[in-house]
Amino acid sequence: MRALFVYLSLGLMFAVTETLVPSAMFVKPNLLLLLVLTLGLREKVILGGPLSWLLGGLQDALSGASLGLFGLVYLILYLTVRSIAGPLNSESPILLLFLVFSSTLLQGLILIFTLGFLAEHGTYWRQVLTVIPGQLLVNLLAGLLFLQCSSMLSRYRRHR
Amino acid sequence: MLELIQKYRTPLLVVCLIMTALLIYSSRLRKQPETTLFEKAILQLASPLQRGFDSSTDTMSNLWQHYLWLVDTSRENDRLFSENRRLLNKLDRLSEIQLENKRLSTLLALREEMDIPTLPARVIAEDATSLFQTVIIDRGLEDGLHEGLPVIVPEGVVGRIIRCSGRQSRVLLATDASSAMAVLVQRSRARGVCRGRGQTLTLDFALSKEDIAKGDRIITSGNGGIFPKGLTVGNVSLIQTNELDLFQSVVVTPAVNFSRLEEVLVLLGNNP
């Protein structure tokens, strides 16, 4: 229950932060994706599945997407990461960066298919493809920052 | 006679001097604005002395005040720095208020121009993703807003409300890929549908035979039931025609700078 509360609070904070980034920046870091990846590496499906859908719902509520779009995308991403997380070293910082890179690409692909097949707005695929290179860079930078913050937090907890 | 003069030499001299002085004075009274040669000479002579004295007094005073008598200088410096910061801050706020006043005056002028009841709103947040083009305004159901209402600024069409909560609403910008509005070319009255493409718009369903030129203004046609007729959408920036195609490919640059939206006007009574 505590984990659910912590993840949701962090998700809400991240989603609100994303809305404060001016659109003049062209691409915004996808902070919720980092949380979904952390869920995929650490939490079991019983908690991680609904949580990743809820995080997607948060993203939908604070963006122009129809409710459920990012919920579906994040759930697929979570399940993909969860399915390969077993043999991986979840503490490795390089692994998180690699996952950020590959899941940004995968997210773009899922978005194109979802919007293309399920919604009637036909031209989103062009925008998704245009945004992907910048999105990769910004997400990797956000991933690095996330790693720094989490290592600082764990050091602080060890000291206490 | 000579003896008499010698005897009264001093009183005579005094009288002569007084008389001369009086004569000179009375003659000068008539020619007051002129500077005499004597006065010029004296002024000329006195000038370097006065300057020298003045500058040396200044130097001494500066030396005393700036290098020797520095009892309150540091405190005064701190006070002035803090006052300077306070004044700069105030100046920034004033210039921001001035700019806001200018924007609101333009919005008010537009509001008075419109026949339809309107509601001003402030943009408080943007979309959480890079993919969708939406903004959040600080008015919602409690202010009488609902989904589908058009949103404009003095420059032209912003978009329409797609989500409404009690105190805020989400506006789908005209540049979003899911946004479409019926438009016409102001000059030739050619009709089409403007769709969002991220940063620009495209004019779809404009027949190849239609007269459309670069720079043409695109306005809303009033069809579709959302936007009233005659609102500026943008200007044609690129045209590509192919003889084999039924429609021409037209790119429209929006009239509104969507990255700098601050205050908007929601059209309450939809009257296309």
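Residues numbered from 1 in each chain as written. Chains lettered and ligands numbered in written order. Predicted model: local features only at pLDDT ≥ 70, side-chain atom pairs only at ≥ 80, totals over all residues. Heavy atoms only, no water.

Description of the side chain of serine 52 of chain A
Put simply, the rule reads: To qualify as a helix, a DSSP run of H or I must reach at least 4 residues; to qualify as a strand, a run of E must reach at least 2; elements of each kind are numbered from the N terminus. Between two residues, a contact is recorded if the distance between any of their heavy atoms is within 4.5 Å.
Within the fold, serine 52 of chain A resides in helix α3 (residues 45-61). Once you skip the residues sitting within four places of it in the chain, serine 52 of chain A turns out to touch Val36, Leu39, Tyr74, Leu75 and Tyr78 of chain A.

A closer look at the sheet that holds strand β7 (residues 191-196) of chain B
Residues and elements named next belong to chain B. Rules: Paired strands, in this sense, are two strands between which DSSP finds at least two bridges. In this analysis an axis means a line fitted to C-alpha atoms, helices contributing only their contacting stretch, and an angle means the value between N-to-C directions, from 0 to 180 degrees.
With antiparallel pairing, the 6 strands of this closed barrel are ordered in space as β6-β7-β8-β11-β10-β9. With strand direction ignored, the average angle separating the axes of adjacent strands in the sheet is 40°. In terms of strand pairing, strand β9 (residues 217-220) meets strand β10 (residues 232-240) through 3 bridges, oriented antiparallel. In the strand pairing of β10, arginine 217 is matched with asparagine 235.

Some remarks on the domain arrangement of chain B
All names here are of chain B. Formally: Bear in mind that the domain bounds are from an automatic or database domain assignment. Once two parts are put together, the accessible area they lose, assessed with a 1.4 Å probe and summed over both, is termed the buried area. Salt bridges, as used here, are contacts in which a Lys or Arg side-chain nitrogen is within 4 Å of a carboxyl oxygen on Asp or Glu.
Taken as a whole, chain B is organised into domain 1 (2-62), domain 2 (76-113) and domain 3 (118-272). Placing the centre of domain 2 and that of domain 3 at their C-alpha centroids yields a distance of 32 Å. Opposite the 7 residues of domain 2 that make contact, domain 3 presents 10 residues. Three residues, Leu107, Leu110 and Arg111, lead the burial of domain 2 against domain 3; their summed loss comes to 62% of the area buried on that side. Among the salt bridges present, the one from arginine 103 reaches glutamate 263, with a minimum N-O distance of 2.7 Å.

A look at the interface of chain B and chain A
Test applied: Distance and chemistry together define a polar contact, namely a pair of N or O atoms within 3.5 Å, with one atom able to donate a hydrogen and the other to accept it when in protein, and with adjacent residues in sequence counting only for side-chain atoms on both sides. Residues were grouped as follows: Ala, Val, Leu, Ile, Met, Phe, Trp, Tyr, Cys and Pro as nonpolar; Asp, Glu, Lys and Arg as charged; and all remaining residues, including Gly, as polar.
On the chain A side, the residues contacting the 22 residues of chain B number 30 residues. Taking both partners together, chain B and chain A bury about 2000 Å²; carbon and sulfur atoms supply 55% of that area. In this structure, the connection of chain B to chain A is made through 0 salt bridges. Viewed at the interface, chain A and chain B are joined by 9 residue pairs in polar contact (both at pLDDT 80 or more). When the residues that make up the side of chain B that touches chain A are grouped by side-chain class, the tally is 7 nonpolar, 9 polar and 6 charged.

Observations concerning the pattern of salt bridges
Residues and elements named next belong to chain B. Under the criterion given, the structure shown has 12 salt bridges over all chains. One salt bridge connects arginine 167 with glutamate 142, and the closest N-O pair in it is separated by 3.3 Å. One end of the pair, arginine 167, is in the loop between β4 (156-164) and β5 (169-173); the other, glutamate 142, is in the loop between β2 (134-137) and β3 (150-153), and 25 residues separate them in sequence.

Examining the environment of valine 71 of chain B
Mapping valine 71 of chain B onto the fold places it in the loop between α3 (37-68) and α4 (73-113). Considering only alpha carbons, one finds valine 71 of chain B and leucine 265 of chain B, 194 residues apart in sequence, at a separation of 59 Å.

With respect to the environment of valine 185 of chain B
Residues and elements named next belong to chain B. Threshold: Only protein chains enter the area calculation, which uses a 1.4 Å probe; residues under 20% of their type maximum are buried, those over 50% are exposed, and those in between are partly exposed.
The topology assignment puts valine 185 in strand β6 (residues 180-185). Note on valine 185: relative accessible area 0%, which makes it buried. Separated by 103 residues in the primary sequence, valine 185 and serine 82 place their C-alpha atoms 57 Å from one another. Discounting residues that sit within four places of it in the chain, valine 185 has contacts with Ala190, Leu203, Ile212, Asp216, Arg217 and Ile218.

Structural notes on the sheet that holds β5 of chain B
Residue and element names in this part refer to chain B. Here we have 6 strands rolled up into a closed barrel, ordered β1-β2-β5-β4-β3-β12, and antiparallel in their pairing. Within this sheet the neighbouring strands show an average axis-to-axis angle of 45°, counted without direction. In terms of strand pairing, strand β1 (residues 118-126) meets β2 through 3 bridges, oriented antiparallel. Bridging from a neighbouring strand, valine 123 pairs with isoleucine 137 of β2.

Considering α3 of chain B
Short version of the rule: Expected span of a helix, by definition, is 1.5 Å for each gap between consecutive residues, and there is one gap fewer than residues. What is called the bend at a residue is the angle between a pair of axes, fitted to the seven residues leading up to and ending at it and to the seven starting from it.
For α3 of chain B, with 32 residues, the first-to-last C-alpha span of 45 Å sits near the 46 Å given by 1.5 Å per residue. At alanine 46 of chain B, α3 of chain B shows its strongest bend, of approximately 30°, with the proline proline 48 of chain B following within four residues.

Considerations on unusual backbone geometry
Residues and elements named next belong to chain B. One non-glycine residue with positive phi stands out, namely arginine 189, at about 60°. Along the chain, arginine 189 falls in the loop between β6 and β7. Its identity as a non-glycine residue notwithstanding, phenylalanine 205 has a phi of 60°, on the positive side. Relative to the assigned elements, phenylalanine 205 resides in the loop between β8 (201-204) and β9.

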